[in-house]
Amino acid sequence: MKLNYDKEQLLDVIDKVVKKTLTMDMTWEWPCGVAYYGICRAYEFTKKQEYLDALIEWVDNYIELGLPPWTVNTCAMGHTMITLYEATGDEKYWNIALSKLDYLRNKALRFGDNVLQHTVSVKNDFPEQAWCDTLFMAAYFMIRMGRKMNDEEIIADACNQYYWHIQYLQNKETGFFYHGYDNIAKNHMSGFFWGRANGWAAYTMAMGKNYINYLYPTFMEMDCSLRDQLAGLKAVQTENGLYRTILDDEESYEEVSASCGIAAAMIMNGNPLHTKYVQKSLNGILENITDDGRVLNVSGGTAVMVDREGYRKVPKSWIQGWGQGLALAFLVDVAFLTEQE
């Protein structure tokens, strides 16, 4: 996959997005987890010590003040713990990652065939609901930990999460993913194909496949699911190279965090015929990043909304950690392509 862009300009944009993200006032929650995952990806590519030092300072200050209770959403910070441990060898980061893994494996609410219920607080907010968000915050983290620990039981649990989220959430006709599934009511609630949900699913399947053997049955599930999803997504890409907050609703707005997740998935999935779609996304996403590194047109935090208007009216005028992080993940994947040439 060969893309047309100025490498130095791309690296400059990555640097600006990292520095802007580091000025944001965030807590140990999923917005920070996604944002700092993006910075970790930028560090892994650039090896800039200043990125690592900033993450260490923030995390160490938080550890001293006290960490919050774990939920599916707060486990998103586990990705940063993996990177900090790999970069420093400091066991305190690894121990935090292990405590998150222990929560997900042994304490988190589950339903059905051991499926993680999406949790945003210590309360039982959404009984027996599966959300695409869980794939990034928990399942992708679990599969990374399982591979790092060479623990087949952990990998199998992570693969089980992917399998059931695909069964519950993917529409086989379109390839698109619903935002959520209610196992009690046996339905998809409002039943919309939310853009960022598809970004979570596509990106984590494209990345997660790298951690499991291609002979695993779950690899085949993820590979085929992602193949069909990306085939459907190509058809709803806008002229600006973006994807809408409701994928198949031409009156809903273009949303940049979803677009970053989907475009990054296309890169990682490696189909050269997707090049023209990724190129359009690159152009469109760069146009939505300001000179000071702010990623524009990112929708706010979104529960499963009750109707179409609920999704269409979610504000998109504010800087968001998940927008910064997913943009960095995409831009770094583009940069890695250059290294492979």
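Predicted model, so just to flag it, every value in this text is computed and none were measured. (Residues numbered from 1 in each chain as written. Predicted model: local features only at pLDDT ≥ 70, side-chain atom pairs only at ≥ 80, totals over all residues. Heavy atoms only, no water.)

**Topic: the overall build of the protein chain**
In terms of regular secondary structure, the protein chain is built from 13 helices and 6 strands. Its C-alpha atoms give the protein chain a radius of gyration of 18 Å, within 12% of the compact-globule value 20 Å for 341 residues. The C-alpha extent of the protein chain, read off along each of the three principal axes, is 45 × 45 × 40 Å. Put simply, the protein chain has 341 residues, and 57% of those count as buried. In the protein chain, of all internal contacts separated by at least 6 residues, the share reaching a separation of at least 24 is 71%. Taking the 31 positively charged and 44 negatively charged side chains of the protein chain as two groups, their mean positions are separated by 2 Å. (Helix = DSSP H or I, 4+ residues; strand = E, 2+ residues; numbered from the N terminus. Rg over C-alpha atoms; globule rule 2.2 N^0.38 Å. Buried < 20%, exposed > 50% of the residue type's maximum accessible area, 1.4 Å probe, protein only. Contact = heavy atoms within 4.5 Å. Lys, Arg positive; Asp, Glu negative; His and termini not counted. Charge placed at Lys NZ, Arg CZ, Asp CG, Glu CD.)

**Considering the packing of aromatic side chains**
Scanning the entire structure with this criterion turns up 25 aromatic pairs. Ring centres 5.2 Å apart and planes at 90° place the aromatic pair Tyr 163 and Trp 164 in the edge-to-face group. Looking at Tyr 163, the relative accessible area reads 28%, which means it is partly exposed. Seen from the ring of Tyr 140, Arg 144 lies directly overhead, with NZ or CZ sitting 5.8 Å from the centre. (Phe/Tyr/Trp six-rings, centres within 6.5 Å; stacked < 30°, edge-to-face > 60°. Lys NZ or Arg CZ within 6 Å of the ring centre and 35° of its normal.)

**Some remarks on the packing of helix H2 (residues 30-46) against helix H6 (residues 133-149)**
At a minimum axis separation of 12 Å, H2 and H6 run at an interaxial angle of 45°. If you check the angle between H2 and H6, you find them oblique. Where H2 approaches H6, its residues Trp 30, Val 34 and Tyr 37 are matched on the opposing element by Phe 136, Met 137, Tyr 140 and Arg 144. Partitioned by chemical class, the residues of the contact of H2 with H6 number 6 nonpolar, no polar and 1 charged. (Axes fitted to C-alpha atoms, helices over the stretch in contact; angles between N-to-C directions. Parallel < 35°, antiparallel > 145°, perpendicular 65-115°, else oblique. Nonpolar A, V, L, I, M, F, W, Y, C, P; charged D, E, K, R; others polar.)

**A few points about the packing of helix H1 (residues 7-22) against H2**
Relative orientation and spacing of two packed helices are given, respectively, by the angle between their axes and the distance between those axes. Following both chains from N to C, one finds H1 and H2 inclined at 140°, their axes separated by 10 Å at the closest point. Judged by the inter-axis angle, H1 sits oblique to H2. Relative to H2, H1 is oriented so that their crossing is left-handed. Across the interface between the two elements, Leu 11, Ile 14, Val 18, Thr 21 and Leu 22 from H1 touch Ala 35, Tyr 36, Ile 39, Ala 42 and Phe 45 from H2. Considered class by class, the residues forming the contact of H1 with H2 number 9 nonpolar, 1 polar and no charged. (Left-handed = near helix turned anticlockwise from the far one by under 90°.)

**Here's the deal with unusual backbone geometry**
Trans peptide bonds make up the majority, and among non-glycine residues the majority have a negative phi. Residue Asn 150 is not a glycine yet carries a positive backbone phi of 55°. Topologically, Asn 150 is positioned in the loop between H6 and helix H7 (152-169). Of note in this structure, Lys 186 is not a glycine but carries a positive phi near 60°. Within the element layout of this structure, Lys 186 appears in the loop between strand E4 (180-182) and helix H8 (195-208).

**Some remarks on the environment of Ile 39**
Relative to the helices and strands, Ile 39 resides in helix H2. A C-alpha to C-alpha distance of 8.9 Å links Ile 39 and Gln 324, two positions 285 residues apart in sequence. Not counting residues up to four positions away in its chain, the partners in contact with Ile 39 are Val 18, Thr 21, Leu 22, Tyr 51, Leu 55 and Leu 328.

**Comments concerning H2**
Residues spaced three or four apart along an α-helix point in a common direction, a consequence of the helix completing one turn every 3.6 residues. For H2, with 17 residues, the first-to-last C-alpha span of 24 Å sits near the 24 Å given by 1.5 Å per residue. Here H2 lies mainly inside the structure; 15 of its 17 residues are buried. Of the residues trailing H2, Lys 47 is marked for its positive phi of about 60°. (Expected span 1.5 Å × (residues − 1).)

**Things to note about the nonpolar core**
Core analysis: the biggest nonpolar cluster contains 119 residues, and Ile 14, Tyr 36, Met 81, Leu 104, Trp 200 and Phe 330 have the highest contact counts within it. Each residue touching Trp 200, except ones within four places of it in the same chain, is listed here: Trp 30, Val 34, Cys 132, Asp 133, Phe 136, Met 137, Trp 194, Trp 322 and Leu 326. (Core = buried A, V, L, I, M, F, W, Y, C linked by side-chain atoms within 4.5 Å.)

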